[in-house]
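Secondary and tertiary structure notes
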Amino acid sequence: MIARISDLDRMFDAMGLLRGRLDNVFNEFDRSVTYGPHWSAASNYPQTNLFDKGDHFELAAKIPGMSKEDVEVKIQGNYLEISGTRNVTAPEGYRVHRNELGSASFTRSLTLPAEVASNKVSATLKDGILVLTMPKSEAAKPRQISIK
Amino acid sequence: MDGKDVVKKEKGNVESTRSIRQEIPLVDIYENDDEILLHAEMPGVKKDNITINIDNGNLTLSGVRSLAKEGAAEWEEFGDVEYQRAFSVPQTIDVDKVQAELKDGILALHLPKSEASKPRMVEIKAG
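As the structure is a computational prediction, the values presented were derived from the model and not from experiment.

A short note on the overall build of chain A
On a plain count of helices and strands, chain A comes out with two helices and eight strands. Ordered by position from the N terminus, the helices and strands of chain A form the series α-α-β-β-β-β-β-β-β-β. Looking at chain A as a whole, 20% of its 148 residues qualify as buried. Put simply, of all contacts in chain A between residues at least 6 apart along the chain, 52% involve residues at least 24 apart.

Below, the structure is given as structure tokens:
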């Protein structure tokens, strides 16, 4: 009987795999048709991740193909605005066979869960990912309360 | 247990050992007389995590993005991913001279054409 169960298990695995493939079909379908950066078609802004690390927030934004001169970041209180442009031009003297990376510009504004000290924010851009380290303002920082 | 098996067991039916999401990187392909130039978008992939394989006219690109995750996620719109895409390249590519560089999440791959395959101007001699 044990053999049977492991077989069933394997079958469900295969079904999971198929489901994953089907999930991907939709992503890939839209890609092969639009031939553009996938965030420019439906939503003209880059994907971001926000992590709360206790005394600071860390925001990562996916902005491939942009150098630091192409990106602008504005912060006020808990309001954050990232804007940027990407220019994709064929190198001189080359023929174009395929062009999927498009030029694009974006502005994305985000509301942070708490206010940050805007003068202490630092930003780094590496491998096409913009990382903002934003220390929380004093009032928003977690505080240890000593019990009297 | 002589009954019929639920699923047919196959030799070489290898279980998948990882469940990282796979994506197809977007590419630009350019060509001039000297080389084919390929740009592939792989944001967040470090250069050590990129493999480029050219074998018998098949070019396989693969890059893995693994993000450090610390702290509590407020929101997460992108995660770890494996970028994978394959191309067929003409046999006239000089495999030894292929160069690649990574800048701002874009991989630039230079595939130089071998000397013999470059276009040549034929001079017509006056007879």
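Details of the sheet that holds strand E4 (residues 79-86) of chain A
Residue and element names in this part refer to chain A. Here three strands make up an open sheet; going across it, the order is E3-E4-E6 and the pairing antiparallel. The sheet terminates laterally at strand E3 (71-76) and strand E6 (104-111), the two strands that pair on one side only. Averaged over neighbouring strand pairs, the angle between their axes works out to 10 degrees when direction is ignored. As defined by bridge partners, E3 adjoins E4 across six bridges and the pair is classed as antiparallel. Paired with Glu 72 across the strands is Ser 83, a residue of E4.

Re the sheet that holds strand E9 (residues 106-112) of chain B
An order of E5(A)-E2(B)-E3(B)-E9(B)-E8(B) is seen for the five strands of this open sheet, with the pairing classed as antiparallel. Strands with a single pairing partner mark the edges of an open sheet, and in this sheet they are strand E5 (95-99) of chain A together with strand E8 (99-103) of chain B. When the angles between neighbouring strand axes are averaged without regard to direction, this sheet yields 15 degrees. In this structure, strand E2 (residues 27-31) of chain B lies alongside strand E3 (residues 35-41) of chain B, joined through five bridges in antiparallel fashion. Its bridge partner being in E3 of chain B, Asp 28 of chain B is matched across the sheet by His 39 of chain B.

Concerning the interface of chain A and chain B
Contact residues are listed per partner, giving 40 residues for chain A and 32 residues for chain B. Sorting the residues of the side of chain A that touches chain B by element identifies helix H1 (2-34), strand E1 (48-52), strand E2 (56-62) and E5 of chain A as the ones contributing at least two each. When residues of the side of chain A that touches chain B are assigned to their parent elements, the largest contribution, nine residues, is made by H1 of chain A. Across the side of chain A that touches chain B, the residue classes break down as 17 nonpolar, ten polar and 13 charged. Examined bridge by bridge, E1 of chain A and strand E6 (residues 72-76) of chain B share four bridges and lie antiparallel to one another.

Calculation rules
- Residues numbered from 1 in each chain as written.
- Chains lettered and ligands numbered in written order.
- Predicted model: local features only at pLDDT ≥ 70, side-chain atom pairs only at ≥ 80, totals over all residues.
- Helix = DSSP H or I, 4+ residues; strand = E, 2+ residues; numbered from the N terminus.
- Buried ≥ 20, exposed ≤ 12 C-beta atoms within 10 Å, placed from the backbone.
- Contact = placed C-beta atoms within 7 Å.
- Pairing = 2+ DSSP bridges.
- Axes fitted to C-alpha atoms, helices over the stretch in contact; angles between N-to-C directions.
- Nonpolar A, V, L, I, M, F, W, Y, C, P; charged D, E, K, R; others polar.

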